[in-house]
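Survey of secondary and tertiary structure
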Amino acid sequence: MRNFLEQVKDQFTADKLTRESVVKLSDQLDEPGWLVERRLGAFDLFDKLDLPDPKGEEWRYTDVRRFDFDRFEAPVPTSSTPALTDDLVAKGVVVADFNSAARQHQDLLREHFFTEVPVDEHKFTALHGAFLSDGILLYVPPGVEIDVPLEVWRNVEGGGSTFPHTTVVVDEQAVVTFVDRFKSDDYAAASLCASVVEIEARRGATVNYISLQEWGRNVHHFQTQRFTGYRDSTVRSLAVNLGSAFSRAQVESVLKGEGSFSEMLGLYFADSNQHFAQRTLQSHDAEHTTSDLLYKGALKERSRSEYSGLIKVSKGAQGTDAYQANRNIVLSEDAVARSIPQLEIEANEVRCTHGATVAPVEEEHIFYLMSRGIDRVTAQKLVVFGFFGDVLDRIRLGNVRDELAQAIALKVEGEQSLEVAS
Amino acid sequence: MTDAMLQIEDLHVEVEGREILRGVNLTINKGEIHAIMGPNGSGKSTLAYVLTGRPGYEVTQGRVLYQGDDILDLAPDERAKKGIFLAFQYPTEVPGVSVVNFLRTAYNAVHPDEQKSAMAFRMYLQEKIDLLEIPTELVDRYVNQGFSGGEKKRNEILQMAVLGPQLAVMDETDSGLDIDALKHVSAGVNKLAGPDVGIVLITHYQRLLNYIRPHYVHVLMAGRIVKSGGFELAERLEAEGYAGIGKEMGLSEEDLAEVQDKEGAKV
Ligand SMILES: Nc1ncnc2c1ncn2[C@@H]1O[C@H](COP(=O)(O)OP(=O)(O)OP(=O)(O)O)[C@@H](O)[C@H]1O
Ligand SMILES: [Mg+2]
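So, here's what we can say about the structure. Because the structure is predicted, anything quoted here is derived from the model rather than measured.

Attention shifts here to the sheet that holds strand E6 (residues 84–87) of chain B. Residue and element names in this part refer to chain B. Spatial strand order, E6-E9-E10-E3-E11-E12: six strands in an open sheet with mixed pairing. Looking at which strands have only one partner, the edges of the open sheet turn out to be E6 and strand E12 (224–229). Taken pair by pair, the neighbouring strands of this sheet meet at an average axis angle of 20°, ignoring direction. By the bridge criterion, four bridges tie strand E3 (residues 33–37) to strand E10 (residues 198–202) in an arrangement that is parallel. The residue bridging isoleucine 36 from the neighbouring strand is isoleucine 202, located in E10. Sitting on the sheet, helix H5 (residues 149–163) touches E6 and strand E9 (167–171), and the angle it makes with E6 is about 165°.

So this is what it looks like as structure tokens:
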């Protein structure tokens, strides 16, 4: 497997994101015919679709109409599957990368890639469908509880592109925690990541999914995460955005089964001229479902963020509890945060709250702390930690929590001089 | 070398373009306890804030020497590191920051040579908590958030006890304290007091001064110290109010009217 990939890498030359590159990629991966067709179909869609309109709800204030795809080279296929213990393999847990799934688990692949997130959703999902290059499929059989988090590391080269795909299917009463890490160096040349995450929690299953976007400064990140919760399932998600030049994350929880629960946490900290756009959906499609969303972000220097969150309660979804809060703390006068909550409620027995705030760091607070001998930067750190405290407290993985605390401290301290074009 | 800890000379201060302090002169030597009394709005808190370097308080004339050095260009944290402490009249609530974390950070900043680990600090803090008879659970809460008025004041004194300043200014720390709390706070202040420490008590009530005996009492009116004396001055103010002293000291009709308005408004 490794050798095979390495051979592929050697043959690979710097092609752009063209139809020919799709054929070449599929060829080199030795994929079955139906998959080639699927990729090409996605590419044609990509070609046909317009870039999303910032006037529409989903991309409001996020103008990518002049996004230039010619900057990026076609992806180099990689695989980043976590290792499974023999014990888990014996219990029937399956982890497959896209390339081996294409040959060994064709049924799984047909059934589970792009079932929840269709390729035609928008231009970036279509491109993802064409160039999917770092896919992972995890299946956890009924009743299997995996207590060690499974982690994967995604990477991209300067000037390159990557199209990671995460599919997690957790069968009845099974439990798993999955961490997707997106991390690279700061490159001079712009890179692209278009990622799709599809998570299915079957009856009574529990899934914790964490996405850590810590890309280098010149990466452009587009991500769609979709969670589907069946009866009595629990899905907890955490979407972190710290890196990249531009990041758009769409995180959607679809509660299809009675009694299902979804916790959606978000943490972001933008500095210099970083631009983060986030779109969330809490879709209640069954009775007695609960969603609890808390997205918190800090902004510094000339950074920008947009958050738009929709709570959607369908007609039959009586007894829905839906909570949504987006809080922003702004550390400089030049940073801008926008927050737009939206409600679409068709059921009548619903408990629903939403709130959005954008507030500067209070100079009053800083002065009080400084009057006790604490320097300005440390005072800001205390205040910003205080701000993020409730999100951090809800993160169950200690190592992730510690890492984030450290990243936040560095962001407060750091003076970003690096300028990147967006 | 004199024993002067703080020398305030002809201090004029403006807030939002309005002159609040109009030539304050005050010298505090090591080991002395001074009380400053004065009607509402006379500039007592303004004077306290200027000493700590609060933004928005513009010194237009005069100077402030602390241990011989002009401190007016120093940032608030630098002044605190030099040993200046203000117990705020209205302590600020800082959401999300626990008292214990805040205080340890402050302690380690003010005492760089005596850094304390979380555990060592906790023990040190407990001593102060016991001394001031403060509910221990208070220090695990967020700074002043949801604290009662009296709890906020006691938290200020806890901070003072922890940091061990050279010059402590207490701005109406006694207001809103019940009798027991007043005794504990006074015990804390008396414990801090000593030959190397200067203490300034801003207060409206003689009550506090029965527990902490000042060496000097000053009356601040209309932005100036109009009279200084001993404890008997506090007694006289308690009995007569401010108008008599104002007249005696030759305050202008305008300034007197201001004082009377405020006294009237108080009732
Ligand atoms: N930030 C500000 N903006 C406008 N006016 C201010 C400000 N701070 C103080 N002042 C004014 O300055 C004057 C003095 O206020 P200061 O708080 O120093 O009075 P004080 O003597 O402490 O009164 P009190 O006994 O009521 O605490 C008041 O008239 C007050 O309204
Ligand atoms: Mg005052």
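So, about the site of ligand 1. Residues and elements named next belong to chain B. Taken together, 16 residues form the shell around ligand 1, and within it Asn40, Gly41, Lys44, Ser45 and Thr46 come nearest. Residue glutamate 172 places a side-chain N or O atom 3.2 Å away from an oxygen atom belonging to ligand 1. With respect to ligand 1, the side chain of histidine 204 contributes an N or O atom lying 2.9 Å from an oxygen atom. Summarising the interface, the protein chains cover 70% of the accessible area of ligand 1, which totals 630 Å² for the free molecule. Sorting the residues of the shell around ligand 1 by element identifies strand E2 (18–29) and helix H1 (44–52) as the ones contributing at least two each. With three residues, H1 is the largest single contributor of residues to the shell around ligand 1. Across the shell around ligand 1, the residue classes tally to four nonpolar, eight polar and four charged.

What follows concerns the packing of aromatic side chains. With the rule as written, the count across this model stands at 27 aromatic pairs over all chains. Seen in terms of ring centroids, phenylalanine 124 of chain A and phenylalanine 222 of chain A are 3.6 Å apart; in terms of plane orientation they differ by 10°. Their pairing is stacked. With a gap of 98 residues between them, phenylalanine 124 of chain A in helix H7 (residues 123–131) and phenylalanine 222 of chain A in strand E9 (residues 219–229) connect regions that are remote in the sequence. Phenylalanine 222 of chain A matches phenylalanine 124 of chain A in its accessibility class, with the two residues each being buried. Between phenylalanine 269 of chain A and phenylalanine 388 of chain A the ring centres are 6.4 Å apart and the planes differ by 35°, which places this aromatic pair in the tilted class. In this pair, phenylalanine 269 of chain A is assigned in strand E12 (residues 261–270) and phenylalanine 388 of chain A in helix H9 (residues 376–394), connecting sequence segments 119 residues apart. The class of phenylalanine 269 of chain A is buried, set by a relative accessible area of 0%. Through successive ring pairs, a cluster of aromatic residues spans Phe43, Phe46, Trp59, Phe67, Phe69, Phe72, Phe124, Phe131, Phe163, Phe222 and Phe246 of chain A. Sitting over the face of the ring of phenylalanine 67 of chain A, arginine 71 of chain A holds its NZ or CZ atom 5.0 Å from the ring centroid. Stacked on the ring of tyrosine 124 of chain B, the Lys or Arg lysine 116 of chain B has its end atom at 4.8 Å from the ring centre.

This part is about the interface of chain B and chain A. If you look at the interface, chain B gives 33 residues, while chain A gives 15 residues. Viewed at the interface, chain A and chain B are joined by two salt bridges. Between arginine 372 of chain A and glutamate 156 of chain B there is a salt bridge whose closest N-O contact spans 2.6 Å. For the pair chain B and chain A, the interface holds nine residue pairs in polar contact (both at pLDDT 80 or more).

Further remarks concern the sheet that holds strand E8 (residues 206–214) of chain A. Residues and elements named next belong to chain A. With respect to topology, eight strands assemble into an open sheet ordered E3-E6-E8-E10-E12-E14-E16-E18, the strand pairing being parallel. Strands with a single pairing partner mark the edges of an open sheet, and in this sheet they are strand E3 (150–154) and strand E18 (350–360). On average, adjacent strands in this sheet sit at an angle of 5° to one another, irrespective of strand direction. Inspection of the sheet shows E3 paired to strand E6 (residues 175–183) by five bridges, in the parallel sense. In the strand pairing of E6, leucine 150 is matched with phenylalanine 178. Where H9 meets the sheet, its contacts fall on E12, strand E14 (290–299) and strand E16 (320–330), and the angle it forms with E14 comes to roughly 155°. Across the face of the sheet, helix H10 (residues 398–413) comes into contact with E3, E6, E8, strand E10 (234–241) and E12 while running at roughly 30° to E12.

All names here are of chain B. Around the magnesium ion (ligand 2), the protein supplies Ser45 (OG) and Gln89 (OE1) as donor atoms, at distances of 2.0 to 2.1 Å. Of the two residues, serine 45 is situated in helix H1 and glutamine 89 in the loop between E6 and strand E7 (94–98); the sequence distance between them amounts to 44 residues. Glutamine 89 shares its class with serine 45; the two are buried.

Below, the discussion takes up helix H3 (residues 99–110) of chain B. With 12 residues, H3 of chain B should cover 16 Å at 1.5 Å per step; its first-to-last C-alpha distance of 16 Å lies within 8% of that length. Looking at the buried side of H3 of chain B, the elements it contacts are helix H8 (363–370) of chain A together with helix H2 (76–81), E7, helix H4 (118–132), strand E8 (142–143) and H5 of chain B.

About the cut-offs
- Residues numbered from 1 in each chain as written.
- Chains lettered and ligands numbered in written order.
- Predicted model: local features only at pLDDT ≥ 70, side-chain atom pairs only at ≥ 80, totals over all residues.
- Heavy atoms only, no water.
- Pairing = 2+ DSSP bridges.
- Helix = DSSP H or I, 4+ residues; strand = E, 2+ residues; numbered from the N terminus.
- Axes fitted to C-alpha atoms, helices over the stretch in contact; angles between N-to-C directions.
- Contact = heavy atoms within 4.5 Å.
- Near = heavy atom within 4 Å.
- Polar contact = N/O pair within 3.5 Å; in protein donor to acceptor, adjacent residues only side chain to side chain.
- Areas by Shrake-Rupley, 256 points an atom, 1.4 Å probe, with all protein chains shown as cover.
- Nonpolar A, V, L, I, M, F, W, Y, C, P; charged D, E, K, R; others polar.
- Phe/Tyr/Trp six-rings, centres within 6.5 Å; stacked < 30°, edge-to-face > 60°.
- Buried < 20%, exposed > 50% of the residue type's maximum accessible area, 1.4 Å probe, protein only.
- Lys NZ or Arg CZ within 6 Å of the ring centre and 35° of its normal.
- Salt bridge = Lys/Arg side-chain N within 4 Å of Asp/Glu carboxyl O.
- Donors = N, O, S within 2.8 Å, 3.2 Å for Na, K, Ca; no water.
- Expected span 1.5 Å × (residues − 1).

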